[in-house]
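Descriptive analysis of the structure
Single-letter residue listing:
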Amino acid sequence: GETIVIDTDPGQDDAVALLLAFASPELDLKAVTTVAGNVPLALTTANALRIRELAGREDVPVHAGADRPLLFPLSTAEFVCGPDGLAGADLPPARGKASSIHAVDALIAILRAAPDNSVTLCPLGPLTNLALAFRLAPDVLPKVKRIVLMGGALALGNITPAAEFNVHVDPHAAAIVFGCGRPIVMFGLGVTHQAIASHEQVARLLTLGNAVGRVVHGMLTRPRPGGLGTAGHPMHDPCVIAFLLWPELFSGRDCCVEVETGDGPLRGRTTIDWSGRLKRPANAHVVASVEADALFQRLFDRLATLP
Ligand code: BDR
Ligand code: CA
(Lines give C-alpha, C1' and ligand atoms only; values in the text may rest on other atoms or scores of the structure.)
(Ligands and ions follow the chains in the order given, each with its own letter.)
Protein backbone atom coordinates (compact mmCIF):
# COMPACT_ATOMS: atom_id res chain seq x y z
CA GLY A 1 0.00 0.00 0.00
CA GLU A 2 0.90 3.68 -0.22
CA THR A 3 2.74 5.04 2.83
CA ILE A 4 1.11 8.26 4.03
CA VAL A 5 1.15 10.83 6.81
CA ILE A 6 -1.93 13.02 7.37
CA ASP A 7 -1.30 16.54 8.68
CA THR A 8 -4.60 17.97 9.85
CA ASP A 9 -6.62 20.55 11.84
CA PRO A 10 -9.93 18.77 12.62
CA GLY A 11 -12.47 20.28 11.67
CA GLN A 12 -15.42 18.17 10.50
CA ASP A 13 -14.19 17.56 6.96
CA ASP A 14 -10.74 16.68 8.31
CA ALA A 15 -12.47 14.18 10.59
CA VAL A 16 -14.19 12.52 7.64
CA ALA A 17 -10.87 12.40 5.78
CA LEU A 18 -9.24 10.69 8.78
CA LEU A 19 -12.09 8.18 8.99
CA LEU A 20 -11.74 7.37 5.28
CA ALA A 21 -8.00 6.76 5.75
CA PHE A 22 -8.62 4.62 8.85
CA ALA A 23 -11.10 2.56 6.81
CA SER A 24 -8.75 1.98 3.87
CA PRO A 25 -6.39 -1.02 4.07
CA GLU A 26 -4.61 0.15 0.89
CA LEU A 27 -3.09 3.02 2.87
CA ASP A 28 -0.23 2.54 5.33
CA LEU A 29 -0.97 5.49 7.65
CA LYS A 30 2.25 6.08 9.61
CA ALA A 31 1.07 8.99 11.75
CA VAL A 32 -1.42 11.81 12.15
CA THR A 33 0.19 15.19 12.78
CA THR A 34 -1.85 18.17 13.95
CA VAL A 35 -1.62 21.89 13.35
CA ALA A 36 -3.48 24.99 14.50
CA GLY A 37 -6.09 26.02 11.92
CA ASN A 38 -9.84 25.57 12.17
CA VAL A 39 -9.43 25.82 15.96
CA PRO A 40 -6.33 26.19 18.19
CA LEU A 41 -3.81 23.35 18.40
CA ALA A 42 -5.01 21.87 21.71
CA LEU A 43 -8.44 21.33 20.15
CA THR A 44 -7.27 20.03 16.74
CA THR A 45 -5.07 17.54 18.61
CA ALA A 46 -7.89 16.51 20.95
CA ASN A 47 -10.18 16.09 17.94
CA ALA A 48 -7.67 13.90 16.10
CA LEU A 49 -7.54 11.71 19.21
CA ARG A 50 -11.34 11.59 19.47
CA ILE A 51 -11.63 10.50 15.84
CA ARG A 52 -8.86 7.92 16.27
CA GLU A 53 -10.77 6.43 19.22
CA LEU A 54 -14.07 6.47 17.32
CA ALA A 55 -12.37 4.42 14.60
CA GLY A 56 -10.64 2.13 17.11
CA ARG A 57 -7.23 2.99 15.63
CA GLU A 58 -5.12 3.81 18.69
CA ASP A 59 -2.27 2.02 16.88
CA VAL A 60 -1.70 5.19 14.77
CA PRO A 61 0.33 7.84 16.65
CA VAL A 62 -0.93 11.42 16.88
CA HIS A 63 1.74 14.15 17.10
CA ALA A 64 0.91 17.77 17.95
CA GLY A 65 2.72 20.34 15.82
CA ALA A 66 2.81 24.08 15.22
CA ASP A 67 0.47 26.17 17.36
CA ARG A 68 0.56 29.17 15.02
CA PRO A 69 1.55 30.17 11.47
CA LEU A 70 5.17 31.01 10.60
CA LEU A 71 4.71 34.79 10.66
CA PHE A 72 1.06 35.83 10.90
CA PRO A 73 -1.00 35.53 14.08
CA LEU A 74 -3.33 32.50 14.11
CA SER A 75 -6.81 33.06 12.71
CA THR A 76 -9.35 30.28 13.28
CA ALA A 77 -12.77 29.32 11.87
CA GLU A 78 -15.11 28.57 14.81
CA PHE A 79 -17.89 30.21 12.80
CA VAL A 80 -17.73 27.19 10.50
CA CYS A 81 -16.62 24.40 12.86
CA GLY A 82 -18.17 25.40 16.18
CA PRO A 83 -16.32 26.23 19.40
CA ASP A 84 -14.62 22.83 19.76
CA GLY A 85 -14.04 22.30 16.02
CA LEU A 86 -16.31 19.26 15.70
CA ALA A 87 -19.82 20.69 16.11
CA GLY A 88 -22.45 18.04 15.38
CA ALA A 89 -20.15 15.10 16.10
CA ASP A 90 -21.44 14.32 19.62
CA LEU A 91 -18.22 12.55 20.67
CA PRO A 92 -16.85 12.07 24.20
CA PRO A 93 -13.56 13.70 25.21
CA ALA A 94 -10.44 11.81 24.15
CA ARG A 95 -9.14 9.13 26.54
CA GLY A 96 -5.72 8.80 24.90
CA LYS A 97 -2.89 11.28 24.62
CA ALA A 98 -0.76 12.62 21.83
CA SER A 99 2.82 11.42 21.50
CA SER A 100 5.47 13.46 23.33
CA ILE A 101 7.30 13.85 19.98
CA HIS A 102 6.57 17.10 18.12
CA ALA A 103 4.87 16.70 14.74
CA VAL A 104 7.78 18.29 12.87
CA ASP A 105 10.28 15.91 14.51
CA ALA A 106 7.97 13.00 13.73
CA LEU A 107 7.66 14.02 10.07
CA ILE A 108 11.44 14.29 9.77
CA ALA A 109 12.01 10.93 11.49
CA ILE A 110 9.42 9.13 9.35
CA LEU A 111 10.88 10.57 6.16
CA ARG A 112 14.51 9.89 7.13
CA ALA A 113 13.69 6.25 7.84
CA ALA A 114 11.96 5.80 4.47
CA PRO A 115 13.39 4.99 1.04
CA ASP A 116 13.63 7.78 -1.53
CA ASN A 117 10.40 8.76 -3.24
CA SER A 118 8.21 6.64 -0.96
CA VAL A 119 6.10 8.75 1.43
CA THR A 120 2.94 10.63 0.45
CA LEU A 121 2.19 13.66 2.64
CA CYS A 122 -1.48 14.63 2.97
CA PRO A 123 -1.83 18.12 4.47
CA LEU A 124 -5.43 19.07 5.23
CA GLY A 125 -4.82 22.33 7.10
CA PRO A 126 -2.38 25.24 7.11
CA LEU A 127 1.00 24.05 5.79
CA THR A 128 3.09 25.20 8.79
CA ASN A 129 4.36 21.76 9.89
CA LEU A 130 5.49 20.76 6.39
CA ALA A 131 7.25 24.09 5.84
CA LEU A 132 9.08 23.78 9.16
CA ALA A 133 10.16 20.20 8.38
CA PHE A 134 11.43 21.14 4.92
CA ARG A 135 13.42 24.10 6.29
CA LEU A 136 14.79 22.23 9.31
CA ALA A 137 15.71 19.08 7.37
CA PRO A 138 15.92 19.66 3.61
CA ASP A 139 17.55 16.21 3.34
CA VAL A 140 14.07 14.67 3.77
CA LEU A 141 12.71 16.14 0.54
CA PRO A 142 13.85 13.28 -1.73
CA LYS A 143 11.93 10.88 0.53
CA VAL A 144 8.65 12.57 -0.36
CA LYS A 145 6.86 10.78 -3.19
CA ARG A 146 4.20 13.46 -3.50
CA ILE A 147 2.22 15.97 -1.51
CA VAL A 148 -1.54 15.69 -2.00
CA LEU A 149 -3.01 18.73 -0.29
CA MET A 150 -6.25 20.60 0.33
CA GLY A 151 -5.65 24.31 -0.16
CA GLY A 152 -6.05 27.22 -2.51
CA ALA A 153 -8.63 28.11 -5.09
CA LEU A 154 -8.77 28.27 -8.86
CA ALA A 155 -11.44 31.00 -8.68
CA LEU A 156 -12.96 32.68 -5.63
CA GLY A 157 -11.81 32.10 -2.08
CA ASN A 158 -13.90 31.25 0.97
CA ILE A 159 -12.32 33.03 3.94
CA THR A 160 -11.76 36.14 1.79
CA PRO A 161 -12.79 36.86 -1.80
CA ALA A 162 -9.22 36.06 -2.86
CA ALA A 163 -8.17 33.21 -0.62
CA GLU A 164 -9.00 29.76 0.61
CA PHE A 165 -8.71 29.27 4.41
CA ASN A 166 -5.70 26.91 4.69
CA VAL A 167 -3.47 29.03 2.46
CA HIS A 168 -4.76 32.29 3.93
CA VAL A 169 -3.90 31.24 7.49
CA ASP A 170 -0.22 30.56 6.67
CA PRO A 171 0.65 31.80 3.17
CA HIS A 172 4.39 31.78 3.92
CA ALA A 173 4.26 28.07 4.72
CA ALA A 174 2.21 27.46 1.58
CA ALA A 175 4.80 29.34 -0.51
CA ILE A 176 7.55 27.11 0.92
CA VAL A 177 5.58 23.94 0.15
CA PHE A 178 4.57 25.00 -3.38
CA GLY A 179 8.23 25.85 -3.98
CA CYS A 180 9.68 22.64 -2.52
CA GLY A 181 10.26 20.89 -5.83
CA ARG A 182 8.42 17.65 -5.03
CA PRO A 183 5.29 16.60 -6.97
CA ILE A 184 2.14 18.30 -5.63
CA VAL A 185 -1.52 17.47 -6.23
CA MET A 186 -3.67 20.45 -5.24
CA PHE A 187 -7.31 20.17 -4.18
CA GLY A 188 -8.63 23.73 -4.16
CA LEU A 189 -12.14 25.06 -3.74
CA GLY A 190 -12.88 24.64 -7.45
CA VAL A 191 -13.09 20.88 -6.96
CA THR A 192 -13.97 20.63 -3.26
CA HIS A 193 -17.09 22.78 -3.69
CA GLN A 194 -18.32 20.02 -6.03
CA ALA A 195 -17.90 17.50 -3.20
CA ILE A 196 -21.23 18.11 -1.47
CA ALA A 197 -23.35 15.11 -0.58
CA SER A 198 -26.99 15.02 -1.70
CA HIS A 199 -29.76 14.75 0.92
CA GLU A 200 -30.30 11.10 -0.09
CA GLN A 201 -26.64 10.29 0.41
CA VAL A 202 -26.52 12.06 3.78
CA ALA A 203 -29.62 10.11 4.90
CA ARG A 204 -27.86 6.87 3.95
CA LEU A 205 -25.32 7.48 6.74
CA LEU A 206 -27.97 6.60 9.35
CA THR A 207 -28.60 3.26 7.66
CA LEU A 208 -24.94 2.20 7.93
CA GLY A 209 -25.81 0.96 11.43
CA ASN A 210 -22.54 2.03 13.10
CA ALA A 211 -21.34 4.81 15.39
CA VAL A 212 -19.22 6.35 12.62
CA GLY A 213 -22.29 6.71 10.37
CA ARG A 214 -24.20 8.47 13.14
CA VAL A 215 -21.30 10.81 13.96
CA VAL A 216 -20.70 11.76 10.33
CA HIS A 217 -24.46 12.25 9.83
CA GLY A 218 -24.45 14.63 12.79
CA MET A 219 -21.58 16.65 11.36
CA LEU A 220 -23.09 16.82 7.85
CA THR A 221 -26.53 17.89 9.06
CA ARG A 222 -25.45 20.52 11.59
CA PRO A 223 -26.82 24.00 10.96
CA ARG A 224 -25.08 25.84 8.12
CA PRO A 225 -23.24 29.00 9.06
CA GLY A 226 -24.44 31.77 6.76
CA GLY A 227 -22.67 33.29 3.85
CA LEU A 228 -20.33 30.59 2.55
CA GLY A 229 -22.34 30.14 -0.60
CA THR A 230 -22.72 26.37 -0.86
CA ALA A 231 -25.84 24.20 -0.56
CA GLY A 232 -24.38 21.76 1.99
CA HIS A 233 -21.15 21.08 3.85
CA PRO A 234 -18.35 20.69 1.28
CA MET A 235 -16.16 17.67 1.99
CA HIS A 236 -12.93 19.47 1.12
CA ASP A 237 -10.40 17.31 2.93
CA PRO A 238 -11.84 13.84 2.16
CA CYS A 239 -11.07 14.55 -1.53
CA VAL A 240 -7.36 14.22 -0.73
CA ILE A 241 -7.71 10.71 0.68
CA ALA A 242 -10.27 9.72 -1.96
CA PHE A 243 -7.79 10.70 -4.66
CA LEU A 244 -5.24 8.22 -3.28
CA LEU A 245 -7.86 5.47 -3.47
CA TRP A 246 -9.85 6.40 -6.60
CA PRO A 247 -7.87 8.78 -8.82
CA GLU A 248 -10.18 7.94 -11.73
CA LEU A 249 -12.94 10.03 -10.12
CA PHE A 250 -10.92 13.24 -10.53
CA SER A 251 -9.42 15.28 -13.33
CA GLY A 252 -7.18 18.32 -13.53
CA ARG A 253 -4.16 19.87 -15.14
CA ASP A 254 -0.47 20.52 -14.42
CA CYS A 255 0.00 24.23 -13.71
CA CYS A 256 2.32 26.79 -12.23
CA VAL A 257 0.86 27.86 -8.86
CA GLU A 258 2.15 30.86 -6.91
CA VAL A 259 1.11 32.03 -3.45
CA GLU A 260 0.52 35.65 -2.47
CA THR A 261 2.23 36.24 0.89
CA GLY A 262 1.55 39.95 1.38
CA ASP A 263 -0.86 41.05 4.10
CA GLY A 264 -3.16 42.97 1.76
CA PRO A 265 -6.51 41.94 0.25
CA LEU A 266 -4.81 39.26 -1.88
CA ARG A 267 -3.17 37.52 1.09
CA GLY A 268 -3.19 33.75 0.54
CA ARG A 269 -4.37 33.95 -3.05
CA THR A 270 -3.15 31.04 -5.18
CA THR A 271 -2.45 32.36 -8.67
CA ILE A 272 -2.91 29.39 -10.98
CA ASP A 273 -1.63 29.68 -14.55
CA TRP A 274 -4.37 27.41 -15.91
CA SER A 275 -3.76 28.44 -19.53
CA GLY A 276 0.04 28.38 -19.37
CA ARG A 277 0.40 32.08 -20.17
CA LEU A 278 3.53 32.55 -18.06
CA LYS A 279 5.46 29.69 -19.66
CA ARG A 280 6.81 28.76 -16.24
CA PRO A 281 7.31 25.12 -15.25
CA ALA A 282 4.32 23.48 -13.57
CA ASN A 283 4.75 22.87 -9.83
CA ALA A 284 1.39 21.24 -9.13
CA HIS A 285 -1.32 19.07 -10.62
CA VAL A 286 -4.41 21.19 -10.00
CA VAL A 287 -7.52 19.06 -9.66
CA ALA A 288 -10.62 20.77 -11.01
CA SER A 289 -13.45 18.24 -11.11
CA VAL A 290 -14.82 15.20 -9.29
CA GLU A 291 -17.61 12.71 -9.94
CA ALA A 292 -19.37 13.57 -6.69
CA ASP A 293 -22.07 10.85 -6.68
CA ALA A 294 -19.51 8.10 -7.05
CA LEU A 295 -17.27 9.77 -4.48
CA PHE A 296 -19.95 9.72 -1.77
CA GLN A 297 -21.11 6.22 -2.67
CA ARG A 298 -17.57 4.88 -2.22
CA LEU A 299 -16.77 7.08 0.80
CA PHE A 300 -19.86 5.93 2.72
CA ASP A 301 -19.25 2.28 1.72
CA ARG A 302 -15.85 2.62 3.39
CA LEU A 303 -17.26 4.31 6.51
CA ALA A 304 -19.64 1.34 6.87
CA THR A 305 -16.63 -0.88 7.62
CA LEU A 306 -15.69 1.11 10.76
CA PRO A 307 -17.09 0.57 14.29
C1 BDR B 1 -10.36 24.10 4.38
O2 BDR B 1 -10.44 24.92 5.54
C3 BDR B 1 -10.90 24.17 6.62
O4 BDR B 1 -11.90 24.85 7.30
C5 BDR B 1 -11.36 22.85 6.08
O6 BDR B 1 -11.08 21.83 7.03
C7 BDR B 1 -10.57 22.68 4.83
O8 BDR B 1 -9.32 22.07 5.08
C9 BDR B 1 -11.35 24.60 3.36
O10 BDR B 1 -11.06 25.92 3.00
CA1 CA C 1 -8.80 21.10 7.26
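All of these numbers come straight from a predicted model, not from anything done at the bench.

**Some remarks on the pairing of strand β5 (residues 144-150)**
- Of all seven residues in β5, six are buried, a share of seventy percent or more.
- Where strand β4 (residues 119-123) lies against β5, three bridges are found, and the strand directions are parallel. Residue L121 lies in a different strand from β5, and its bridge partner there is I147.
- After leaving β4, the chain enters helix α5 (residues 128-136) and then returns to the sheet as β5, a path that is right-handed.
- Both β5 and strand β6 (residues 184-187) contribute to a ladder of four bridges, which runs parallel. Bridge assignment links M150 to a residue of β6, and that residue is F187.

**Details of the site of ligand 1**
- Around ligand 1, the surrounding shell consists of D13, D14, N38, L124, M150, N158, E164, F165, N166, H236 and D237.
- Within the side chain of D13, one N or O atom sits 2.5 Å away from an oxygen atom of ligand 1.
- In this structure, E164 approaches ligand 1 through a side-chain N or O atom, which is 2.5 Å from an oxygen atom.
- Considering ligand 1 on its own, with 280 Å² of exposed area, one finds that the protein chains cover 95% of that surface.
- Assessed atom by atom at 2 Å from the grid points, ligand 1 resides in the largest cavity.
- Going through the elements one at a time, α1 (12-22) and α6 (165-169) are the ones with two or more residues in the shell around ligand 1.
- When grouped by side-chain class, the residues that make up the shell around ligand 1 number three nonpolar, four polar and four charged.

What counts and how
Residues numbered from 1 in each chain as written. Chains lettered and ligands numbered in written order. Predicted model: local features only at pLDDT ≥ 70, side-chain atom pairs only at ≥ 80, totals over all residues. Heavy atoms only, no water. Buried < 20%, exposed > 50% of the residue type's maximum accessible area, 1.4 Å probe, protein only. Helix = DSSP H or I, 4+ residues; strand = E, 2+ residues; numbered from the N terminus. Pairing = 2+ DSSP bridges. Right-handed = clockwise from strand over helix to strand, strands pointing away. Near = heavy atom within 4 Å. Polar contact = N/O pair within 3.5 Å; in protein donor to acceptor, adjacent residues only side chain to side chain. Areas by Shrake-Rupley, 256 points an atom, 1.4 Å probe, with all protein chains shown as cover. 1 Å grid on protein atoms, 1.4 Å probe; cavity = no way out; pocket = protein on both sides within 12 Å on 5 of 7 lines; lining within 4 Å. Sits in = over half its atoms within 2 Å of the grid points. Nonpolar A, V, L, I, M, F, W, Y, C, P; charged D, E, K, R; others polar.

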